[in-house]
Amino acid sequence: MPWQLGPLEFSNRLILGTGKYPSFDIMQACHQAAAVEMVTLAVRRFDLSAEGEANILHWILPHLRILPNTAGCYTADDAVRVARLAREALQTDWIKLEVIGDPHSLYPDNEATLAAARELVKDKFIVLPYVNADPILAKKLADVGCAAVMPLGSAIGSGQGVQNPSTLQLISETLKPYKIPMIVDAGVGTASDACIAMELGADGVLMNTAVAEARNPVVMAEAMRAAVQAGRLAFEAGRMPHRSTAQASSPLQGIIASTTQHDGAPK
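Residue positions within a chain follow its written sequence, with the count starting from 1. Whole-chain, interface and lining totals are the exception, using all residues; otherwise, since this is a predicted model, local features are given only for residues with pLDDT of at least 70 and side-chain atom pairs are given and counted only at 80 or more. The side-chain values count all of the structure's non-hydrogen atoms but skip hydrogen atoms and water molecules.

### Section: the pattern of salt bridges
To keep it simple, the criterion reads: What counts as a salt bridge is simple: a side-chain nitrogen of Lys or Arg found within 4 Å of a carboxyl oxygen of Asp or Glu. Secondary structure elements follow DSSP: runs of H or I no shorter than four residues count as helices, runs of E no shorter than two count as strands, and numbering proceeds from the N terminus. Exposure classes here rest on a 1.4 Å probe applied to the protein chains alone. A residue is buried below 20% of its type maximum, exposed above 50%, and partly exposed in between.
For the structure on display, the rule yields 11 salt bridges. In this structure, Asp-93 and Arg-87 form a salt bridge, with 2.9 Å as the shortest nitrogen-oxygen distance. The closest approach of N and O atoms between Arg-232 and Asp-203, which form a salt bridge, is 3.9 Å. Within this pair, whereas Arg-232 is found in helix α8 (residues 217-237), its partner Asp-203 is found in the loop between α6 (191-199) and β10 (204-207), the two being separated by 29 residues in sequence. Among the residues examined, Arg-232 registers a relative accessible area of 14% and is labelled buried. When salt bridges with common partners are traced through the structure, they connect Arg-84, Arg-87, Asp-93, Glu-119 and Asp-123 into a single cluster.

Given below as structure tokens:
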């Protein structure tokens, strides 16, 4: 089912990155296998002076929308500056906003991210902020006018999967009145992680390392595509309730009576 992200409609809820792949041709094959419509690109990673196959832009399929990101920025001012450079270089108003607060954990700086988001929204950017999983921050970013909120499932590049399911559900509920999507970004390690994120109510999943560092990246990209689809279908279907006791799947009415008591003695 199509979904709305900013001013555009997409059919695939999976977004892939462009870093860490063994080669550019494998990166391209992964994008094709996952049938993605959008990919992220760190502004610091591309060199406009590079020619031909040495330029990463040569390997990004022409139909894909590029979502530049401000990876590597540690202040709001730096992130805003990099976003404006990306706008000029790539001719796009889309930006994945990243302001890192700690080089070891790579957790986002909430205050700096919010400050940069305010500035970029005023500057007519379509802002998708990468943040810690925090419903209050999500509300503030929605109030500012961000096009989506992208909470982490666990530490970026860790492959630990979704470590904060209850919080992600709260964020999803918080964003419903704003009608903007929640995209889980960071921590996915394998297909089941992506499926869980979608079952929790995520509108999309963004990942890079889980595919790029898989033993077979192309096959993993295909698996991630299927997992995101399955997770979304399960969420829309609505899971059965959790129960503390067993419940028979077959009706108890009309069963053939036993001629033996439960203690084994004949009646």
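### Remarks on helix α1 (residues 24-34)
Operational definition: Contact between two residues is taken to exist if any of their heavy atoms lie within 4.5 Å; hydrogens are not considered.
Burial in α1 covers these residues: Met-27, Gln-28, Cys-30, His-31, Ala-33 and Ala-34. Structurally, α1 contributes buried residues whose contacts are with β3 (14-16), β4 (38-42), α7 (209-212) and α8. Looking one or two places after α1, you find Ala-35, whose phi comes out positive at around 55 degrees.

### Brief notes about the layout of surface pockets
Formally: In the cavity and pocket records, a cavity denotes points on a 1 Å grid over the protein atoms alone where a 1.4 Å probe fits but cannot get out, a pocket denotes an open set with protein on both sides within 12 Å along at least 5 of 7 lines, and lining residues are residues with an atom within 4 Å of a point. Grid points are joined across faces, edges and corners, and a volume is the space filled by probe spheres set on the points.
Quantified by volume, the largest pocket comes out at close to 700 Å³. Residue lining of the largest pocket: 34 residues in total, with Lys-20, Ile-156, Gly-157, Asn-208 and Thr-209 positioned closest to the centre. Where the lining of the largest pocket is concerned, the elements lending two or more residues are β4, β10 and α7. The element that contributes the greatest number of residues to the lining of the largest pocket is β4, accounting for 3 residues.

### So, empty space enclosed by the protein
Operational definition: Classification used: nonpolar for Ala, Val, Leu, Ile, Met, Phe, Trp, Tyr, Cys and Pro, charged for Asp, Glu, Lys and Arg, polar for all others including Gly.
Under the criterion given, the structure shown has 1 cavity of 30 Å³ or more. Put simply, the largest cavity is a space of about 30 Å³. For the largest cavity, the full set of lining residues is Trp-3, Leu-5, Phe-10, Asn-12, Leu-14, Ile-15 and Met-38. Where the lining of the largest cavity is concerned, the elements lending two or more residues are β1 (3-5) and β3. Classifying every residue of the lining of the largest cavity by side-chain character gives 6 nonpolar, 1 polar and no charged.

### Quick notes on the packing of α6 against α8
Convention followed: With axes taken as lines fitted to C-alpha atoms, and helix axes fitted only over the stretch in contact, angles between N-to-C directions fall between 0 and 180 degrees. Here is the rule for angles: anything less than 35 degrees is roughly parallel, anything more than 145 is roughly antiparallel, 65 through 115 is roughly perpendicular, and the remaining ranges are oblique. Each helix crossing is assigned a hand: it is left-handed if the near helix lies turned anticlockwise from the far helix by less than a right angle, otherwise right-handed if that turn is clockwise.
Between α6 and α8, the shortest axis-to-axis distance is 7 Å and the interhelical angle comes to 25 degrees. Comparing their axes, α8 and α6 come out roughly parallel. Crossing geometry of α6 relative to α8 is assigned as right-handed. Residues Ala-191, Ala-194, Cys-195, Met-198 and Glu-199 of α6 form the contact with α8, whose participating residues are Met-220, Ala-223, Met-224, Ala-227, Val-228, Ala-230, Gly-231, Arg-232, Ala-234 and Phe-235. Class assignment of the residues belonging to the contact of α6 with α8 gives a composition of 12 nonpolar, 1 polar and 2 charged.

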